[in-house]
Amino acid sequence: MERYLLTALTSCLFWNVFGFSAAMGSKPNILLFLADDLGIGDIGCYGNNTLRTPNIDRLAREGVKLTQHIAAAPLCTPSRAAFLTGRYPIRSGMASNNRYRALQWNAGSGGLPPNETTFARLLQQQGYTTGLIGKWHQGVNCESFNDHCHHPLNHGFDYFYGMPFTLQNTCQENKPPELDVALQANLWLYSQIISLAVLTLTAGKLTGLITIRWKIIASFTLAGGLFFISWYSSYGFVQYWNCILMRNHEITEQPMRLERTASLMLKEAVSFIKRNKHGPFLLFVSFLHVHTPLFTIKKFLGKSRHGLYGDNVEEMDWMVGKILDSLDKEGLKNHTFTYFASDHGGHLEAQDGSVQLGGWNGIYKGGKGMGGWEGGIRVPGVFRWPGVLPAGMVIDEPTSLMDIYPTLVHLAGGMLPQDRVIDGRNLVPLLQGRAQKSEHEFLFHYCGSYLHAVRWHEKDSGAIWKAHYVTPIFHPPGAGACYGKGICPCFGEGVTHHDPPLLFDLSRDPSEAKPLSADTEPLYDTVIKKIGRATEEHRRTLTPVPEQLSLYNILWKPWLQPCCGTFPFCWCDKEGDSTQSL
Ligand SMILES: *[C@@H]1O[C@H](CO)[C@@H](O)[C@H](O)[C@H]1NC(C)=O
Ligand SMILES: *[C@@H]1O[C@H](CO)[C@@H](O)[C@H](O)[C@H]1NC(C)=O
Ligand SMILES: *[C@@H]1O[C@H](CO)[C@@H](O)[C@H](O)[C@H]1NC(C)=O
């Protein structure tokens, strides 16, 4: 009897282990595509019938499509921090409580803290060769121009080629730069006030009217000088300071030449796959597309039905196709776990006159920059792994971009860090159809460090409740965006606080058109109470950490400027003319 049991147990164990690993193969390669500012309504397989995205659509056809895939933040820097760490950005200090919610310069001191552990680091420890090609936007240096404390190579990537920062209009000549006029005026004012103070103090010291040490006067002079340089550099030099390309620690182009960047990125991605085809590898292709200035090669210019924006989306989709082709060519398709997503919703306010330069968020309200409204955070999410994940499956359960973290660690056979909270959940059971329900009961929707809304997935009823505590005030009213303001604010005069909160059931009202009230919804009070308790519980798991986006940390600091040459003479072009146009 005992022996039977033992045999049964062993064979069960054997079959579990064997069955599992046979299905999963040995460690799969991992290929992640992350678009910048792409809206969920911009893609064919999410219902767009005029923009052509055949390659992303093919991924969905051959794999699993998520319809409720949620970014942890509505803006690049925090959303990507959460993606890389599997944690809400507020846990790593990457959520801001001021107006500057993303890193502004390569030469700021803020960034993803060195003690955060990215999925790349954990995969590296599992024997993966890890590469990042494209946008980083998680900081570069802390204390000197080459300490690289926030750099991808310090965060688990073996190889980096791309922009440590992000695209901005400044990177393309003849585009109106999105200069922050208020910031500029402030910098000018500060430099003037400090100069005045220095003059007064010096005069006072020389005449003996003021007792003050020269050291202090020198510090004032330095500070004034910094403000002046910051103000000065915001004209014309920004392109040199921010628009650079690096290969590992080396700057290859300063400033970068946009007309060949896409082809260089493509070449790098294909050659990374070739170099590492014996795997396992992790390749994170972090597109500069479809962020303004929407630089697009001739082949796609004027070809879409949606202007420059549509052209740029189609170019990106073509790049996805090229990279998938190279997987096929190397015979790696069935051995690669592939993912496509966007870092957050489309940028509604990106316009040039009446021409739309930002993405489309389909039926969802709001967009980039808005923490609570669905349009800012609901993004495409597609997975493919032929033979392991079913083809053509659609999952409506709530999932998060933070889920990629534990999912990859699971696939690589690693362990999650035990010394910190991980907010993501392993998606493999859901993607394989072995689980019907997402493990997320609550998702918290932050705008900077301000909690704007909370989603409750009530598993029994299937309802998706969302309570909004704070919403941005649209401009003009009812516009669904803050036109003329860049993006909507998270706090202050530009938001409305709701007490009682606005409540929606997204399963019945995905566009968040009609708020429910105690009169129209019998469950209103119960739901609000339940969400309130979950929020308190969540708040108790937060601990104060250094703020990476504090005013001090986001300030441009000349001594942190990555520079190809001798500061301030920073320029180089190490690619030569080695790449022809595509
Ligand atoms: C397709 O995308 C374009 C560009 O963002 C948008 O203007 C258009 O409304 C979308 N079409 C549909 C049917 O969603
Ligand atoms: C890849 O997987 C698919 C789906 O299971 C299968 O039909 C195909 O034959 C596989 N290709 C190779 C080369 O093994
Ligand atoms: C990283 O260091 C900061 C500052 O010392 C600390 O507050 C934080 O908890 C640390 N984070 C982790 C994940 O250990």
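Look above for the structure.
Okay, so let's go over this structure. These numbers were taken from a predicted model, which means no experiment stands behind them.

**Some words on the pattern of salt bridges**
Part 1 of the reasoning: Using the criterion set out here, one finds 26 salt bridges in the structure.
Part 2 of the reasoning: For Arg420, the salt bridge identified is with Glu116, shortest N-O distance 4.0 Å. Of this pair, Arg420 sits in the loop between helix H12 (404-412) and helix H13 (428-431) while Glu116 is found in the loop between helix H4 (89-92) and helix H5 (119-125), placing the two residues 304 residues apart along the sequence.
Part 3 of the reasoning: You can call Arg420 partly exposed: its relative accessible area is 22%.
Part 4 of the reasoning: Residue Glu250 is joined to Lys574 by a salt bridge in which the shortest nitrogen-to-oxygen separation is 3.0 Å. Highlighted residues: Glu250 in strand E6 (residues 250-254) and Lys574 in the segment after strand E20 (572-573), separated in sequence by 324 residues.

**A closer look at the site of ligand 3**
Part 1 of the reasoning: Every residue close to ligand 3 is listed here: Arg87, Asn115, Glu116, Arg420, Val545 and Pro546.
Part 2 of the reasoning: Contact between ligand 3 and Asn115: an oxygen atom at 2.3 Å from a side-chain N or O atom of the residue.
Part 3 of the reasoning: Grouping the constituent residues of the shell around ligand 3 by class yields two nonpolar, one polar and three charged.

**Overview of the sheet that holds strand E17 (residues 495-505)**
Part 1 of the reasoning: The strand order across the open sheet built from four strands is E14-E15-E16-E17, with neighbouring strands paired in antiparallel fashion. Strands with a single pairing partner mark the edges of an open sheet, and in this sheet they are strand E14 (442-447) and E17. Here the strands of the sheet are splayed against their neighbours by 15 degrees on average, with no regard to which way each runs.
Part 2 of the reasoning: Across five bridges, strand E15 (residues 450-457) lies against strand E16 (residues 464-472) in antiparallel orientation. In the sheet register, His457 faces E16, and the bridge partner there is Ile464.

**With respect to the site of ligand 2**
Part 1 of the reasoning: All residues adjacent to ligand 2 are Asn334, Pro386 and Gly387.
Part 2 of the reasoning: Here ligand 2 loses 24% of its free accessible area of 360 Å² to cover by the protein chains.

**Observations regarding the state of the cysteines**
Part 1 of the reasoning: Inspection of every chain in the model, using the stated rule, returns six disulfides.
Part 2 of the reasoning: The disulfide partner of Cys447 is Cys490, and the S-S distance across this bridge is 2.2 Å. Across the disulfide from Cys447 to Cys490, rotation about the S-S bond amounts to roughly -75 degrees, and the bridge is consequently left-handed. A residue pair is termed long-range when its members are at least 10 positions apart, and Cys447 in strand E14 and Cys490 in the loop between E16 and E17 qualify at 43 residues. Exposure class is identical for Cys447 and Cys490. Each is buried.
Part 3 of the reasoning: Here Cys482 connects covalently by a disulfide to Cys488, the sulfurs 1.9 Å from one another. Taking the sign of the S-S torsion, about 100 degrees here, the bridge from Cys482 to Cys488 comes out right-handed.
Part 4 of the reasoning: The buried category is assigned to Cys482, whose relative accessible area is 0%.
Part 5 of the reasoning: Taken in N- to C-terminal order, the disulfide-linked cysteines of the protein are connected 1-2, 3-4, 5-8, 6-7, 9-11, 10-12.
Part 6 of the reasoning: The thiol of Cys76 is unpaired, and the distance to the nearest cysteine sulfur, on Cys171, comes to 13 Å.

Reading the values: the criteria
- Residues numbered from 1 in each chain as written.
- Chains lettered and ligands numbered in written order.
- Predicted model: local features only at pLDDT ≥ 70, side-chain atom pairs only at ≥ 80, totals over all residues.
- Heavy atoms only, no water.
- Salt bridge = Lys/Arg side-chain N within 4 Å of Asp/Glu carboxyl O.
- Helix = DSSP H or I, 4+ residues; strand = E, 2+ residues; numbered from the N terminus.
- Buried < 20%, exposed > 50% of the residue type's maximum accessible area, 1.4 Å probe, protein only.
- Near = heavy atom within 4 Å.
- Polar contact = N/O pair within 3.5 Å; in protein donor to acceptor, adjacent residues only side chain to side chain.
- Nonpolar A, V, L, I, M, F, W, Y, C, P; charged D, E, K, R; others polar.
- Pairing = 2+ DSSP bridges.
- Axes fitted to C-alpha atoms, helices over the stretch in contact; angles between N-to-C directions.
- Areas by Shrake-Rupley, 256 points an atom, 1.4 Å probe, with all protein chains shown as cover.
- Disulfide = S-S within 2.5 Å.

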